[in-house]
Amino acid sequence: GQQVMQIPQYQHVQEGEDFTTYCNSSTTLSNIQWYKQRPGGHPVFLIQLVKSGEVKKQKRLTFQFGEAKKNSSLHITATQTTDVGTYFCAGPGSNTGKLIFGQGTTLQVKP
Amino acid sequence: DAEITQSPRHKITETGRQVTLACHQTWNHNNMFWYRQDLGHGLRLIHYSYGVHDTNKGEVSDGYSVSRSNTEDPPLTLESAASSQTSVYFCASSEGRGFANEKLFFGSGTQLSVL
């Protein structure tokens, strides 16, 4: 079946370093969403990308949607301790239309 | 403010017992979802509903049921709890006008332990 994969599963960085997580789908996606879950919290919607090659920025966060609409990335510039958490990508299933979540990338930031 | 709340926050039960997890949303959203979250698996869909009296099985529906008698409250029931159902359960909603393109609003989750 359709899969949405994220790498890496875990990432430890020193505060101030950059961080990137990658999301890959086995099929073309009509859109991709990104969520952030703080430790002990619940997933919170960050952004949605729809167009091929789209790039969106939210302060230090940069989101990209691949040209083929099968992959996406989230890049954080100069990480801060407030960036700690698990970042999930999610895309609609080709057969079901329901969101399929990646396994998430857990970011830890050392002060 | 509109919100989505789950109760209880934590629950411990014994194998074989029936357990019901509550979810209540005040956005009047049509679409409701139940997910479970386990280490290494991310969020997996258990059941979903497009509206009142509508329920559908998701990816990991065995051993679970959902009812939707009103818009606000779609409780999740574990018919006979098993240790494999120890997990964090999230209820989520979306507005319901364009399902696959809509963002989800999540509740705070219920940590369920089956002993």
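Residues numbered from 1 in each chain as written. Chains lettered and ligands numbered in written order. Predicted model: local features only at pLDDT ≥ 70, side-chain atom pairs only at ≥ 80, totals over all residues. Heavy atoms only, no water.

Caption draft 1: Expanded view of the interface of chain A and chain B. Every contact between the two is made by 21 residues of chain A and, on the other side, 21 residues of chain B. Summing the contributions of chain A and of chain B, the shared interface buries around 1,600 Å²; its carbon and sulfur component is 57%. Broken down residue by residue, the surface that chain A buries against chain B is led by A:His42, A:Lys98 and A:Phe101, which jointly contribute 31%. For the pair chain A and chain B, the interface holds 0 salt bridges. (Contact = heavy atoms within 4.5 Å. Buried area = accessible area lost by both parts, 1.4 Å probe. Salt bridge = Lys/Arg side-chain N within 4 Å of Asp/Glu carboxyl O.)

Caption draft 2: Seen up close, the sheet that holds strand β8 (residues 76-78) of chain B. Residue and element names in this part refer to chain B. In space, the 4 strands of this open sheet follow the order β1-β3-β8-β7, with antiparallel pairing throughout. If you trace the sheet from one side to the other, it starts and ends with β1 (4-7) and β7 (64-66), each paired once. Averaged over all pairs of adjacent strands, the angle between strand axes in this sheet comes to 20°, irrespective of strand direction. Sheet analysis places β1 next to strand β3 (residues 19-25), joined by 4 bridges and oriented antiparallel. Within β3, the position partnered with Thr-5 by the bridge is His-24. (Pairing = 2+ DSSP bridges. Helix = DSSP H or I, 4+ residues; strand = E, 2+ residues; numbered from the N terminus. Axes fitted to C-alpha atoms, helices over the stretch in contact; angles between N-to-C directions.)

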